[in-house]
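For reference, the chains in residue letters:
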Amino acid sequence: MLPGSGDAPLGAHADAADLTRPGRAGAVADTRAEIAPRRAHGAEYGYVGHVLRPVADGT
């Protein structure tokens, strides 16, 4: 995400989520709860996000 882009990518995914799928409404609510403090206080902290994914072959 580019500096100053706010929560657009994560928020856009939350907006587009199919809330009729089992567990999805709760997951989106939790996601929005994570977005809210960043939106309210983002300028006060140096937020860094990391996305980790498993290595397919274990190396």
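Note that the structure is a prediction, hence the values are computed from the model and not measured.

Structural notes on the overall build of the protein
Within the protein, the secondary structure is distributed over two helices and zero strands. A total of 59 residues make up the protein; the buried ones form 8% of that total. Only carbon and sulfur atoms are counted for the fraction: they give 59% of the accessible area of the protein, which is about 5,100 Å².

Focus: the confidence of the model for the protein
When pLDDT is averaged across the protein, the result is 80; 81% of the residues are at 70 or more. Contacts of residues 1-5 to residues separated by more than four positions or lying in other chains number four contacts, the stretch itself having pLDDT below 50.

Describing the environment of Thr-20
The residue Thr-20 is located in the loop between helix H1 (8-16) and helix H2 (24-41) in this model. In this structure the side chain of Thr-20 is engaged in a polar contact, spanning 2.5 Å, whose partner is the side chain of Asp-18.

Examining the pattern of salt bridges
Per the counting criterion, the structure on display carries one salt bridge. In this structure, Arg-32 engages Asp-15 in a salt bridge whose closest nitrogen and oxygen atoms are separated by 2.8 Å. Remark: Asp-15 occurs in helix H1 and Arg-32 occurs in helix H2; sequence separation between them is 17 residues. Residue classification places Arg-32 among the partly exposed residues on the basis of a relative accessible area of 38%. On the basis of relative accessibility, which here comes to 57%, the residue Asp-15 falls in the exposed class.

Description of the environment of Asp-30
Mapped onto the fold, Asp-30 is located in helix H2. Along the backbone, Asp-30 and Ala-14 are 16 residues apart, and their C-alpha atoms lie at a distance of 9.9 Å.

Rules used in this analysis
Residues numbered from 1 in each chain as written. Predicted model: local features only at pLDDT ≥ 70, side-chain atom pairs only at ≥ 80, totals over all residues. Heavy atoms only, no water. Helix = DSSP H or I, 4+ residues; strand = E, 2+ residues; numbered from the N terminus. Buried < 20%, exposed > 50% of the residue type's maximum accessible area, 1.4 Å probe, protein only. Areas by Shrake-Rupley, 256 points an atom, 1.4 Å probe, with all protein chains shown as cover. pLDDT = per-residue confidence, 0-100. Contact = heavy atoms within 4.5 Å. Polar contact = N/O pair within 3.5 Å; in protein donor to acceptor, adjacent residues only side chain to side chain. Salt bridge = Lys/Arg side-chain N within 4 Å of Asp/Glu carboxyl O.

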